[in-house]
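Single-letter residue listing:
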Amino acid sequence: MTARGYLGSFELMVLLAIIHLGDAAYGVTIAREIEARTRRDVVRRSVYAALDRLQDKGYVRSRLGAPTPERGGRAKRYFQATAHGSREARSTQQALSTLWLGPPALEGETA
Amino acid sequence: MTHRAAPRLASWLLKRLGYENEPLAGDLLEEFHDGRTAIWYWRQVMTTILMDVPQHMRTYRTAGLLALLLVGAFWLGSSLTAPGVNADALATLLARAQSEGGFARYNLFTGGNLSRVTIFALGIMPYLTVLTVGWVVGFMRSLLRHAPPPSAVGPDRILAWTRYAAMLLCAVQATAIALWLERQAASVGGLSLIGEPGGWGFRITLVLTLTATTGGLIWLSEQITTRGIGWGASLVFFAALVVGLPGAVTATLAQPEGAAGLQGLVSSVAAMSGLMWLVEPGRRRLYGLI
């Protein structure tokens, strides 16, 4: 695996949200999925920044939906994980699990 | 079903200052209609605008680099006197020439390069003169015929002719400068304005130098225009102005009638800018932009 292939933590969250959501993954649902699971506010522009990076790396692909009135006539951009993206998510998860095996006590935590 | 309106100013700012991202704008609107507060909407919009700044900078990087190249070229060229010209003697004459209003203003439009006979002595002015004359002729013809003149030649041919006419005008003006320098000659404070005896060698060298540099500026201005960065001729013109303006203002204020001179200077710059604003639609038509 090359250094370019590594996923950042937020990129991994976005990619996993897309995998969870399946066909319904677009900006709003992805952000809400991450907010619901992490209980943190998510800046919408950050989601798109991560999505652009993931698309550049070939981990997701996108397509435009139909424009709707509640969106001011703007189309949704739907995202789908590629096979390469799914493999990368799994590989990152394994790498993180290995690194977390028996770590020393972190500052502020009791061992 | 009607939706409550999203904060207009925020939406307007997002459209103007955000980097085109229609799906994101739609997402924000959808969530606002789903019950998000105006504060939430504003926060998302402002964060988006801030995060888009680097993307805007990347987009305008080429334009910024070209602008820097232009100003740098003028700044460097302003210190290079044309071959065969005696810079010291010219400096003595400069004070006298500066006091002649019309000359001083035309000189300003070349970034002060004309009075010092630098390699950019004529700047982009011959090209602008031809463009302006072309615009006036076209305007008069359309007035006389009460309709736009039929286009007998394509934009490429018109541009080519504009270029040739500008180069011809440049050669004529450069010859006039060479002859003028020879005539002043005889001396200014005991120094000759030209470093060596005049004659065809000096004239041809000066004409070739000034025509080549103006040709280079015309090429650069057309590169700027065809790359869609802006109207190249006006950018080159204003780059010369930016480099020459501080010196021109200082020199004008140093004269006894400094305030009146400054007024004249400001009105000349305003008039030239206005003229370019008038010529601009013609240029846009030529390039098929409107």
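Residues numbered from 1 in each chain as written. Chains lettered and ligands numbered in written order. Predicted model: local features only at pLDDT ≥ 70, side-chain atom pairs only at ≥ 80, totals over all residues.

> Honestly, the overall build of chain A in this entry has me stumped. Any pointers?
Along its length, chain A carries four helices and two strands. When its helices and strands are written in sequence order, chain A yields α-α-α-β-β-α. Of all 111 residues assigned to chain A, the portion counted as buried reaches 31%. For chain A, long-range pairs separated by at least 24 residues make up 48% of all intrachain contacts whose partners lie at least 6 apart in sequence. (Helix = DSSP H or I, 4+ residues; strand = E, 2+ residues; numbered from the N terminus. Buried ≥ 20, exposed ≤ 12 C-beta atoms within 10 Å, placed from the backbone. Contact = placed C-beta atoms within 7 Å.)

> It is not clear to me how the interface of chain B and chain A should be interpreted in this structure. Could you clarify?
Put simply, an interface is often sized by how much accessible area is lost when its parts join up. Each side of the interface is counted separately: chain B has 17 residues, and chain A has 14 residues. Going through the elements one at a time, α2 (22-33) and α3 (38-59) of chain B are the ones with two or more residues in the side of chain B that touches chain A. Ranked by residue count, the leading element in the side of chain B that touches chain A is α2(B), at eleven residues. In terms of residue class, the side of chain B that touches chain A is made up of six nonpolar, seven polar and four charged. (Nonpolar A, V, L, I, M, F, W, Y, C, P; charged D, E, K, R; others polar.)

> Could you clarify how one ought to interpret the pairing of strand β2 (residues 74-81) of chain A in this entry?
Every other side chain in a regular strand lies on the same face of the sheet, so the side chains alternate between the two faces. All names here are of chain A. The pairing of strand β1 (residues 60-68) with β2 spans seven bridges and is antiparallel. Across the sheet, Val60 pairs through a bridge with Ala81, a residue of β2. Linkage of β1 to β2, two consecutive antiparallel strands, is achieved through a turn of five residues, within which Gly72 is found at a positive phi near 65°. (Pairing = 2+ DSSP bridges.)

> Before we go on, may I ask you to explain helix α4 (residues 61-77) of chain B in this structure?
Working note: α-helix, 3.6 residues per turn, so residues spaced by three or four point in the same direction. Residues and elements named next belong to chain B. Look at α4: 24 Å from first C-alpha to last across 17 residues, which is about the 24 Å you get at 1.5 Å a residue. Restricting attention to buried positions, one finds in α4 the residues Leu70, Phe74 and Gly77. Along the long axis of α4, the arc covered by the buried residues comes to 80°, so they all point the same way. Exposed residues on α4 whose side chains face more than 90 degrees from its buried face are Arg61, Gly64, Leu65, Leu68, Leu69 and Gly72. (Expected span 1.5 Å × (residues − 1). Arc of directions from axis to C-beta.)

> I keep staring at the confidence of the model for chain B and nothing clicks. Help me out?
Reading predicted coordinates in detail is not appropriate for stretches of low pLDDT. Residues and elements named next belong to chain B. The pLDDT averaged across chain B works out to 76; a share of 71% of its residues lies at or above 70. Looking across chain B, the model is least confident in helix α6 (residues 101-109), with a mean pLDDT of 59, and most confident in α2, with 94. Note that residues 285-290 has pLDDT below 50 and, in this model, ten contacts with residues that lie over four places away or in other chains. Interface confidence for the predicted complex, given as ipTM, is 0.88, next to a pTM of 0.52. (pLDDT = per-residue confidence, 0-100.)

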